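As a plain string of letters, each chain reads:
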Number of protein chains: 2
Amino acid sequence: MLNTPMSEIRSTSATARNVSAAVARQGKLWSNLSEVCDLLRIPASLGAFQDDFQFQHMQFKSGQRVHTIGQPFDMLYIVYSGFLKTVIIDESGNEQVLGFPMKGDLFGIDGIHGKQYSTEAVALSNCEIILVPFKAFLAIGRANAELEAAIYGVMSRELVREQSLIGTLGSLSAEARVARFLVSLSERFSDMGYSGKQFNLRMTRQEIGNYLGLTLETVSRTFSAFNAVGLISVDQRAIVLHDIQALRTLRRLPPSHARAKAEAAKALKLAAANKEAQAAAGAEVQAAV
Amino acid sequence: MLNTPMSEIRSTSATARNVSAAVARQGKLWSNLSEVCDLLRIPASLGAFQDDFQFQHMQFKSGQRVHTIGQPFDMLYIVYSGFLKTVIIDESGNEQVLGFPMKGDLFGIDGIHGKQYSTEAVALSNCEIILVPFKAFLAIGRANAELEAAIYGVMSRELVREQSLIGTLGSLSAEARVARFLVSLSERFSDMGYSGKQFNLRMTRQEIGNYLGLTLETVSRTFSAFNAVGLISVDQRAIVLHDIQALRTLRRLPPSHARAKAEAAKALKLAAANKEAQAAAGAEVQAAV
DNA sequence: CGGTAATTTGAATCTTTTCAAGTTGAGTGG
DNA sequence: CCACTCAACTTGAAAAGATTCAAATTACCG
């Protein structure tokens, strides 16, 4: 089930298709300022008239690193296409996933302070990345005051995103973390023009668990539990969200013995009654405390 | 024990004392740009010659809010003196502490994106805060290119600080979290010119626990355990760090039954032998995995 | 000096992790 | 094209770690 590749769901514009074709041929491309602003979700009007700035693209194969920890900082990066993860590595070599940058996301900001990157960005798929030399980045702000305010806004957005992750790690159960992770992915896919209801995960259970402060087994079990109560369908990397609102506010699933009772009740009845039991199990999902 | 008030440990400069006196009289004061740069740890040379910018101070009593969630954004804030906490509040009213701003820290950045604050800043003691209108903040950057780069650096620093918190929440045991929290406080106090070895906590166990993703009981127990093995001394809010390096790299304390055995051994012997057992328990602290 | 908030500590419980084993799936070479 | 292999994933059972609930003690504010 659910093996539809992402590319078939994608709502590709004519421009995007031409661009992809071009990339496939030359593996290289440039973006102008207004395209970059558009990607970063900065009101287009601000950067529309500036064509002095051109930004080079660069291709990365799955597994390649865009930048590594300790590497001298001189670039910011914007995802043009593909999926990545950013990680920090502590003194004993343990990774901590900080985020999963995708189309329109800016990364590398951590390098400004300290003049070297404190994180590592790894491509999870083949990626096309826009290179933004920090010097150019500064020059843009100087050239246009409104744009500069918008740039601060983009950095602030990153900060808020991280704060939200802190909130997730600091106070939610495993189930709530996984649920919100799925909702957050859903929203980002929607923004990108993909389906927010069904999509393929681009990262492993290990990476998800690491990101959420859980083990891969807990992530797997939680997916299975959500699947069992009908909140989602999972098959490996393929996900379908059946009740986004429930996922959004979920705090805990009913304890498994209660679910087992529900299962038992379901088993006693037959086909027709079956559906009602399913619905009941779904309704039993707890929301706020 | 350890009731020395912070003010006695403080190494107060002549300027700072005059300033404090002035504040006590008028409850109001202005800072110029070079003073602000100094506070933010921006190389002094950059802002030294600019006297066009003046920033107003404002007093907050313990418990007062500097800004609240949803409030329209138009200011950034720099701590001149005192201690605060910043929190987010989720849809069901639960707080999550994000940080404890103190002297020299910039906060309010989260408000830039979205034009309203997404966090709340609460004074934990009487505070003096420098108000930096965002317009002025932008103007500073425009007036001086080098300064602008430094400003981005300060924002980047905040981002890195949050990433480090994410790493802590995502992968460390309760004991390691508390240990690193103490080390981090120690370093900040040192930077401020206070003692990094002994200090008073400005926040409750509840607030520490919330910040670290733990319950207040776990924090209290962990303090007690560190105290028992001689890593620190605790008495209410008063803390003495006896082995900062051990705290920095600590992953787990030996299981309590092992410590109990050590205690038993200690009980059998007497005064002189006592000290050796203590040392042994200290040495037993595990570091890397 | 009384009253409330903060802290400590114990015991039981619950969640998540750890360890272990088996399954599935994609890619590779014969 | 199929067997083989490795990584990813799933699931179970036991163990560990942290939380919850409860009670007692200690500070601190007015």
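Above: the structure in question.
Rules and cut-offs
- Residues numbered from 1 in each chain as written.
- Chains lettered and ligands numbered in written order.
- Predicted model: local features only at pLDDT ≥ 70, side-chain atom pairs only at ≥ 80, totals over all residues.
- Heavy atoms only, no water.
- Helix = DSSP H or I, 4+ residues; strand = E, 2+ residues; numbered from the N terminus.
- Buried < 20%, exposed > 50% of the residue type's maximum accessible area, 1.4 Å probe, protein only.
- Contact = heavy atoms within 4.5 Å.
- Areas by Shrake-Rupley, 256 points an atom, 1.4 Å probe, with all protein chains shown as cover.
- Near = heavy atom within 4 Å.
- Polar contact = N/O pair within 3.5 Å; in protein donor to acceptor, adjacent residues only side chain to side chain.
- Nonpolar A, V, L, I, M, F, W, Y, C, P; charged D, E, K, R; others polar.
- Axes fitted to C-alpha atoms, helices over the stretch in contact; angles between N-to-C directions.
- Parallel < 35°, antiparallel > 145°, perpendicular 65-115°, else oblique.
- Least-squares fit on C-alpha atoms with pLDDT ≥ 70 in both.
- Pairing = 2+ DSSP bridges.
- Salt bridge = Lys/Arg side-chain N within 4 Å of Asp/Glu carboxyl O.

Participant: Sorry if this is basic, but what is going on with the overall build of chain A here?
Facilitator: Secondary structure summary: chain A contains 12 helices and 12 strands in total. The 289 residues of chain A split such that 51% are buried. In chain A, the share of contacts with a sequence separation of at least 24, taken over all contacts with a separation of at least 6, comes to 73%. Counting only carbon and sulfur atoms, one obtains 52% of the accessible surface of chain A, whose full area is about 13200 Å².

Participant: Looking at this model, I keep getting lost on the protein's contact with DNA strand D. Mind explaining?
Facilitator: The local shell around DNA strand D holds 19 residues, among which Ser224 and Arg237 of chain A together with Ala174, Thr218 and Arg221 of chain B are the closest. Looking at DNA strand D alone, sugar and phosphate atoms form 61% of those within 4 Å of the protein. One of the side-chain N or O atoms of Ser220 of chain A is found 2.8 Å from a phosphate oxygen in DNA strand D. Interatomic distance of 2.6 Å between a backbone N/O atom of Ala174 of chain B and a phosphate oxygen of DNA strand D. For the surface near DNA strand D, the secondary structure elements donating two or more residues are helix H9 (216-228) of chain A together with helix H9 (216-228) of chain B. Here the element with the most residues in the surface near DNA strand D is H9 of chain A; it accounts for five residues. Residue classes in the surface near DNA strand D are distributed as three nonpolar, nine polar and seven charged.

Participant: Explain the packing of helix H7 (residues 174-191) of chain A against H9 of chain A to me, please; I cannot follow it from the model alone.
Facilitator: If you want to describe how two helices pack, look at the angle between their axes and the distance between the axes. All names here are of chain A. Packing of H7 against H9 leaves a shortest axis separation of 10 Å and a crossing angle of 75 degrees. By the angle class used here, H7 and H9 are roughly perpendicular. Of the residues in H9, those touching H7 at Ala174, Glu175, Val178, Ala179 and Leu182 are Thr218, Thr222, Phe223 and Phe226. Among the residues forming the contact of H7 with H9, the class breakdown is six nonpolar, two polar and one charged.

Participant: Explain the relation of the copies chain A and chain B here, please?
Facilitator: Turning one copy of the chain about an axis and sliding it along that axis gives the other copy, so a rotation and a shift relate them. Mapping chain A onto chain B calls for a screw motion: a turn of 180 degrees about the axis and a shift of 0.0 Å along it, with 0.0 Å RMSD after fitting. When the rotation and shift are considered jointly, the pair of chain copies conforms to a two-fold rotation axis. Most of the interface of chain A is mirrored in chain B: 98% of its interface residues are interface residues there too.

Participant: What is the right way to look at the pairing of strand S2 (residues 54-60) of chain A in this model?
Facilitator: Regular strands place their side chains on alternate faces of the sheet. Residue and element names in this part refer to chain A. Note: strand S1 (residues 30-32) against S2, three bridges, orientation antiparallel. Paired with Ser31 across the strands is Phe55, a residue of S2. Relative to strand S9 (residues 127-133), S2 is paired through four bridges, and the arrangement is antiparallel. Residue pairing in the sheet places Met58 in a bridge with Ile129 of S9.

Participant: For this particular structure, what's the right way to read helix H8 (residues 205-212) of chain B?
Facilitator: Side chains of residues three or four places apart in an α-helix project in the same direction, reflecting 3.6 residues per turn. All names here are of chain B. Across the eight residues that make up H8, a large majority, seven, are buried. Where H8 is concerned, the buried positions are Arg205, Glu207, Ile208, Gly209, Asn210, Tyr211 and Leu212. Among the structural elements, strand S5 (84-89), strand S6 (95-99), helix H6 (145-171), helix H7 (174-192), H9 and strand S11 (232-235) are those in contact with the buried residues of H8. At the C-terminal side of H8, Gly213 shows a positive phi close to 70 degrees.

Participant: Would you mind showing me how to read the protein's contact with DNA strand C here?
Facilitator: If you check the shell around DNA strand C, you find 17 residues, and the closest are Ala174, Thr218 and Arg221 of chain A together with Arg205 and Ser224 of chain B. Looking at DNA strand C alone, sugar and phosphate atoms form 59% of those within 4 Å of the protein. At 2.8 Å from a phosphate oxygen of DNA strand C is found a main-chain nitrogen or oxygen belonging to Ala174 of chain A. One of the side-chain nitrogen or oxygen atoms of Arg237 of chain B is found 2.8 Å away from a phosphate oxygen of DNA strand C.

Participant: It is not clear to me how the sheet that holds strand S4 (residues 75-81) of chain B should be interpreted in this structure. Could you clarify?
Facilitator: Consider a sheet: its strands pair through backbone hydrogen bonds, and that pairing is either parallel or antiparallel. Residue and element names in this part refer to chain B. Pairing within the open sheet is antiparallel, and its five strands lie in the order S1-S2-S9-S4-S7. Each edge of the sheet is formed by a strand with only one pairing partner; in this case those strands are strand S1 (30-32) and strand S7 (106-107). Contacting strand S2 (54-60), S4 and strand S9 (127-133), helix H5 (residues 134-143) runs over the sheet at an angle of about 65 degrees to S9.

Participant: Before we go on, may I ask you to explain the side chain of Glu120 of chain B in this structure?
Facilitator: You can see Glu120 of chain B is positioned in strand S8 (residues 120-123). Of note is the side chain of Glu120 of chain B, whose polar atom sits 3.4 Å from the backbone nitrogen of Ile69 of chain B.

Participant: Can you help me understand the pattern of salt bridges in this one?
Facilitator: Pairing is possible between side chains that carry opposite charge, provided their charged atoms lie close to one another. Under the defined criterion, the tally for this structure stands at 22 salt bridges over all chains. With a shortest N-O distance of 3.3 Å, Arg41 of chain B and Asp105 of chain B are connected by a salt bridge. Of this pair, Arg41 of chain B sits in the loop between helix H3 (33-39) and helix H4 (44-47) while Asp105 of chain B is found in the loop between S6 and S7, placing the two residues 64 residues apart along the sequence. With a relative accessible area of 13%, Asp105 of chain B lands in the buried category. Each of Asp90 and Glu91 of chain A together with Arg180 and Arg251 of chain B takes part in a single network of salt bridges with overlapping partners.

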